[in-house]
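What the coordinates show
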Amino acid sequence: HEGGVPERAAFQWYHDHRLDHTAPNVWRGLAGMWIIDDEFDAALPLPRGDRDLPLMITDRSLDRHNQLIDPFKSEGHAPHDGVKGRYALVNGAHLPHHHVGARRYRLRVLNASHFRAYNLELAGGAPMIQIATESGLMPEPVKRRRVLLGPGERVELIVNFKRFAGERVVLRSVRRRGENKRKRGSKSYDGPLMQFRVGKRGPDEAFVPASLRPLPEWVGDAAASPQRTWTLTVGTGLHPKWLINGRSFDPARSDAFPELDTTETWELHNKTSVAHLIHMHHTDWYMLSRNGKPPRRWERCLKETFFLDPGDRVVVAGHFSDYTGKYVIHCHMLDHEDHGMMSQFEVVEPAS
């Protein structure tokens, strides 16, 4: 539930979360996708049925017999960890193709890679209209040419193939503009991902409305200044660990105690030389600022995973409803999570 009512429609995924072994278990296949529907989403004139395509992007390394290579036997420690596969896969296939009509399609894209980011682009610069994130529909659609997607992030895009009838359109990932080679982990994959083979034109009643899903009321009540800061650093020594607020993960310890049915504002601060994808369990979050500036148009919505380049400060607000208990905050670069970059907060009943 969410605020006492069923959870809103969203593109979700699941994966193994075993302490210190998440990355190897996900590498071997313990991950998948599912879609939550609701009446609100169903009432919108968006593409449906076989024109609603979930796409999971992963990367894996294979030997000459097409068997998985185990990269974890010789994996480094922080800050030199981060497994990357040789091949980028979409729904488990290398460079697949999909037949589409010359009509609108809804592409639900998940980055389920351990470490790689993908800067998505359609060949020829064909426009994509973003309608949703990992937390469901945005307040309004945003036209995009490129979409940066870090590990754990999801995006939903409406693509109109009408003007590409009879052609082949490649979905690819390209380098980020101004990419700094010194920022390990912030480099996006550079290469094709899949191909859409476009058929004939046909009837298309689908379209993207000017407004989508309103933000919840608690967003307007959120404090502008953070009540808590989660600072990301790296330890010292022969085999250093990733740290949040100076500590690596301990399942017996909780580092924050938000009360049920309250809204809190938190700051995420990356003080390392490496990018991180911070994911917080329990609830969805609204970005209030990035590096002291208003969030970009596609960030003015609910999300649950946030891309932090080195030095970034992101301020977000979340509302803790329905459930008490312990929840984790961690980096979704899975090697970082396994190597200490995870903390825990506990939602508690109000004091009085």
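What comes next concerns the included structure.

Reading guide: rules and limits
- Residues numbered from 1 in each chain as written.
- Predicted model: local features only at pLDDT ≥ 70, side-chain atom pairs only at ≥ 80, totals over all residues.
- Heavy atoms only, no water.
- Helix = DSSP H or I, 4+ residues; strand = E, 2+ residues; numbered from the N terminus.
- Rg over C-alpha atoms; globule rule 2.2 N^0.38 Å.
- Buried < 20%, exposed > 50% of the residue type's maximum accessible area, 1.4 Å probe, protein only.
- Areas by Shrake-Rupley, 256 points an atom, 1.4 Å probe, with all protein chains shown as cover.
- Lys, Arg positive; Asp, Glu negative; His and termini not counted.
- Charge placed at Lys NZ, Arg CZ, Asp CG, Glu CD.
- Pairing = 2+ DSSP bridges.
- Phe/Tyr/Trp six-rings, centres within 6.5 Å; stacked < 30°, edge-to-face > 60°.
- Lys NZ or Arg CZ within 6 Å of the ring centre and 35° of its normal.
- Polar contact = N/O pair within 3.5 Å; in protein donor to acceptor, adjacent residues only side chain to side chain.
- Contact = heavy atoms within 4.5 Å.
- Core = buried A, V, L, I, M, F, W, Y, C linked by side-chain atoms within 4.5 Å.
- Salt bridge = Lys/Arg side-chain N within 4 Å of Asp/Glu carboxyl O.

Describing the overall build of the protein
What the protein contains, in helices and strands, is 4 helices and 25 strands. Computed over C-alpha atoms, the radius of gyration of the protein comes to 20 Å, within 12% of the 20 Å expected from 2.2 N^0.38 for 352 residues, which places it in the range of a compact globule. Out of the 352 residues belonging to the protein, those deemed buried represent 53%. About 16,100 Å² of surface is accessible on the protein, with carbon and sulfur atoms providing 49% of the total. Distance between charge centroids for the protein: 11 Å, based on 49 positive and 44 negative side chains.

Structural notes on the pairing of strand β18 (residues 262–270)
Regular strands have side chains that alternate between both faces of the sheet. Taken across its 9 residues, β18 has 7 buried, putting it largely inside the fold. The sheet contact formed by strand β16 (residues 228–234) and β18 spans 5 bridges and is parallel. Of the residues in β18, the one forming a bridge with Arg 228 is Trp 266. In the sheet, β18 pairs with strand β23 (residues 313–320) via 8 bridges, with the strands oriented antiparallel. Residue pairing in the sheet places Thr 262 in a bridge with Phe 320 of β23.

Here's the deal with the packing of aromatic side chains
This model, assessed by the stated rule, comprises 12 aromatic pairs. In this structure, Arg 51 is placed above the aromatic ring of Tyr 105, and the distance from its NZ or CZ to the ring centre is 5.9 Å. Over the ring of Trp 230 we find Arg 228, and its NZ or CZ is 5.5 Å from the ring centre.

Details of the side chain of Ser 113
Following the sequence through the fold, Ser 113 ends up in the loop between β7 (104–111) and β8 (117–122). Judged by its relative accessible area of 2%, Ser 113 falls in the buried class. For Ser 113, the side chain forms a polar contact with the side chain of Tyr 118, separated by 2.7 Å. Residues contacting Ser 113, with those up to four places away along its chain left out, are Ile 57, Thr 58, Asp 59, Tyr 118 and Pro 151.

Points about the sheet that holds strand β10 (residues 136–144)
Spatial strand order, β5-β4-β3-β7-β12-β9-β10: 7 strands in an open sheet with mixed pairing. At either margin of the open sheet sits one strand with a lone partner, and together these are β5 (93–94) and β10. Examined bridge by bridge, strand β3 (residues 52–60) and β7 share 6 bridges and lie parallel to one another. Within β7, the position partnered with Leu 53 by the bridge is Leu 107.

Comments concerning the nonpolar core
If you look at the biggest cluster of nonpolar residues, it comprises 31 residues, and the most contacted ones within it are Trp 266, Leu 268, Ile 278, Met 280, Phe 306, Val 316 and Phe 345. Other than its neighbours up to four places away in sequence, Trp 266 contacts Pro 226, Arg 228, Trp 230, Pro 258, Met 280, Trp 285, Val 314, Val 315, Val 316, Phe 320 and Phe 345. Counting 29 residues, the second-largest nonpolar core is a separate cluster that includes Ile 57, Ala 102, Phe 161 and Leu 171.

Re the environment of Gly 101
You can see Gly 101 is positioned in strand β6 (residues 97–102). When the C-alpha atoms of Gly 101 and Phe 161 are compared, they prove to be 7.1 Å apart, with 60 residues separating the residues in sequence. Beyond its immediate sequence surroundings of up to four residues, Gly 101 is in contact with Phe 161, Val 198, Gly 199 and Lys 200.

Concerning the sheet that holds strand β20 (residues 285–290)
Ordered in space as β17-β16-β18-β23-β20-β21, the 6 strands form an open sheet in which the pairing is mixed. Unpaired on one side and paired on the other, β17 (242–244) and β21 (302–303) mark the two borders of the sheet. Taken together, the 3 bridges between β16 and β17 define a ladder with antiparallel strand orientation. The residue of β17 that forms the bridge with Thr 233 is Leu 243.

Considerations on the pattern of salt bridges
Evaluation of the coordinates by the stated rule reveals 25 salt bridges. The salt bridge partner of Asp 59 is Arg 116, with a shortest N-O separation of 2.9 Å. Of this pair, Asp 59 sits in strand β3 while Arg 116 sits in the loop between β7 and β8, placing them 57 residues apart in sequence. The exposure class of Arg 116 is buried, given its relative accessible area of 17%. Here Glu 304 ties to Arg 154 by a salt bridge, and the two come within 3.0 Å at their closest N and O atoms. Note that Glu 304 is positioned in the loop between β21 and β22 (305–308) and Arg 154 in strand β12 (residues 154–160), a separation of 150 residues in sequence. For the pair formed by Glu 304 and Arg 154, the shared burial category is buried. What you see here is one network of salt bridges that share partners, running through Asp 41, Arg 48, Asp 52, Arg 106, Arg 108 and Glu 156.

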